[in-house]
Amino acid sequence: MKVNILIVGGGISGLSIAYTLAKRGIKDILVVDANYIGSGSTGRCATGIRASFTSEEHVVLMKNSIELWKKLSQPEELGKYGLQFDQGGYVWIASKEESVELFKKLVNLHNSLGVPTRVVSPEELKELVPPIRADEAKAALHDPTAGKSYVFDTLHAYIKACKELGVRIMTFTPVRKLVAGGGKVKAAVTDKGSIEADTFIVAAGSGSKKLMESIGVDIPLKNLPRHIMITEAFKPAFKPLVIDWDAGGAPYIVQTKEGNFIIAREIEEEPEQPLGSVRIDFLPKVVSAMAKWFPWIKRIRVLRYWIGYYVTSPDHHPIYGPVDEYENIYLACGYSGHGYMLAPVTGKIITEWLLDGRPSIPQAERLTLRRFKEGRLIEEFAIVG
Amino acid sequence: MGGEMRKHPTIICRCNDVTIEDVERAINEGYTDLESLRKRLRIGMGPCQGRTCIPLLIRLLARKLGKKPTEITLPVTRPPVVPIPLELFLKSKDVGGERK
């Protein structure tokens, strides 16, 4: 089989790239996935979307992404297929004075880049999140532009729109290796035969590193297991995603559109642990952290607990764009836990790299693989949700 | 009698009110494995964790695809299998005194 553009990875990133390319009139795009659509990190994510980050690159990219989420959710784009962007905001709770000081600095950074965050009092926190017990909070950082989007509605909308634009999608088709020669990538070898393409895009999440190794390109990614659980459903209780900044492992809670509560907290983990390796100690750690703010949570029931990978780069920023060794392959991976929220802007960036030679967002150009060779790493210290 | 009954939606997932018609539509849209049907429709994602609906869904999907039910790959089972209250994960001193 021969195609114009082969996208390896049918998660949110691969579909967003396919959609954005197809919207610009590009034909003959094929997306392949090893499993079902969204089976990797996409389908395991907590669905939060925010611009309140701690590096210029992340804030600018996410701000652009949020604009695109809003646009995509309109009926004339993907809203007609069920994509919703619920702009309920994020709140970060500080229980230490030094964290409040840090929040003030972060607010200055966000505001200078056009993201209207602000520090709010415990009383305002209580207004934003009525069922919280806020007495131990010193203050909170409120990001009103942030929100959430139900992942499988979003994937469904992208699938529908991609197919309508002529994009082909092959599921249950693992790519075992890439084949290259003469400075170009020639083909992807799958369980269903070899696929040649003029251009390759690797948006393969936790499988990206191994795939690139097959053509001798080292991408410095680690797959860090992150643990997450969901409770039974209740009527809508509060809109924002709530993060405890000072608890260690940044525990957070968000209510889904069906009413379930998604709760997570980072626990110490070794990279590359299999996704089935659940840990009983996760549940007490996450429950005790959240019960401090929401005592009623003790009475509700957990439905499921699962693990997803944060596909993490050394500076916790994505790896975008071309590689030095081959002229016809582009990377879109290593989001370090933020691939879902970045997906719309990922589509824009990779599309512009292919069609215009460079992305229109200058910060994206700093995020190529080359930065690790040249030692130009990006600083970031708020890697949750 | 069958025709009469089919005028009403037939719910096969009681937790999340998913009907046979919902399932048939999703299968026609290309969701032809249990994992993606589950996520598309939330079937089997409620408190019963699929005990009632997944066996029905397997038969429905197998019939649609012309396969045997045993040829359908089962979805992943997530802990704790049966929903349990979160307070069971807390020490007794953290739980006490709040129950109304």
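The rules behind each value
- Residues numbered from 1 in each chain as written.
- Chains lettered and ligands numbered in written order.
- Predicted model: local features only at pLDDT ≥ 70, side-chain atom pairs only at ≥ 80, totals over all residues.
- Helix = DSSP H or I, 4+ residues; strand = E, 2+ residues; numbered from the N terminus.
- Rg over C-alpha atoms; globule rule 2.2 N^0.38 Å.
- Buried ≥ 20, exposed ≤ 12 C-beta atoms within 10 Å, placed from the backbone.
- Contact = placed C-beta atoms within 7 Å.
- Domains from an automatic or database assignment.
- Nonpolar A, V, L, I, M, F, W, Y, C, P; charged D, E, K, R; others polar.
- Pairing = 2+ DSSP bridges.
- Axes fitted to C-alpha atoms, helices over the stretch in contact; angles between N-to-C directions.

## Quick look at the overall build of chain A
Across its full length, chain A carries nine helices and 18 strands. The C-alpha radius of gyration of chain A comes to 20 Å, within 12% of the 21 Å expected for a compact globule of 385 residues. Its C-alpha atoms put chain A at 65 × 45 × 40 Å along the principal axes. Considering chain A as a whole, with its 385 residues, one finds that 54% of them fall into the buried category. When contacts within chain A are restricted to residue pairs at least 6 apart in sequence, long-range pairs at least 24 apart make up 74% of them.

## As for the environment of Tyr-19 of chain A
Residues and elements named next belong to chain A. Considering the arrangement of structural elements, one finds Tyr-19 in helix α1 (residues 12–23). A residue is classified by how many C-beta atoms lie within 10 Å of it, and Tyr-19, with 27 of them, is buried. Ignoring anything within four residues of it in the chain, the contact list for Tyr-19 reads Tyr-158, Ala-161, Cys-162 and Gly-347.

## Focus: the domain arrangement of chain A
All names here are of chain A. Each assigned domain of chain A is listed here: domain 1 (2–66 + 151–220 + 315–374) and domain 2 (90–144 + 222–312). Taken together, the contacts link 22 residues of domain 1 with 23 residues of domain 2. Among the elements that take part in the side of domain 1 that touches domain 2, helix α2 (residues 56–72) stands out by supplying four residues, more than any other. Of the residues belonging to the side of domain 1 that touches domain 2, the class tally is seven nonpolar, eleven polar and four charged.

## Details of the sheet that holds strand β16 (residues 301–312) of chain A
Across the sheet, which stays open at both edges, the nine strands sit in the order β5(A)-β6(A)-β4(A)-β13(A)-β14(A)-β15(A)-β12(A)-β16(A)-β3(B) with mixed pairing between neighbours. The open sheet terminates on both sides in strands that have one partner only, identified here as β5 (118–120) of chain A together with β3 (84–85) of chain B. As paired strands, β16 of chain A and β3 of chain B are joined by two bridges and run antiparallel to one another. Residue pairing for β3 of chain B: Arg-301 of chain A is matched across the bridge by Pro-85 of chain B. Taken strand by strand, helix α7 (residues 282–293) of chain A contacts β12 (222–233), β13 (241–244), β14 (252–255), β15 (260–264) and β16 of chain A, and its axis lies near 115 degrees from that of β15 of chain A.

## Notes on the interface of chain B and chain A
Reports of interface size often rely on the accessible area that becomes lost once the parts have come together. Contacts between the two partners involve 21 residues from chain B and, on the opposite side, 26 residues from chain A. Going through the elements one at a time, α3 (34–41), β3 and α5 (92–95) of chain B are the ones with two or more residues in the side of chain B that touches chain A. A per-element tally of the side of chain B that touches chain A places α3 of chain B first, with four residues.

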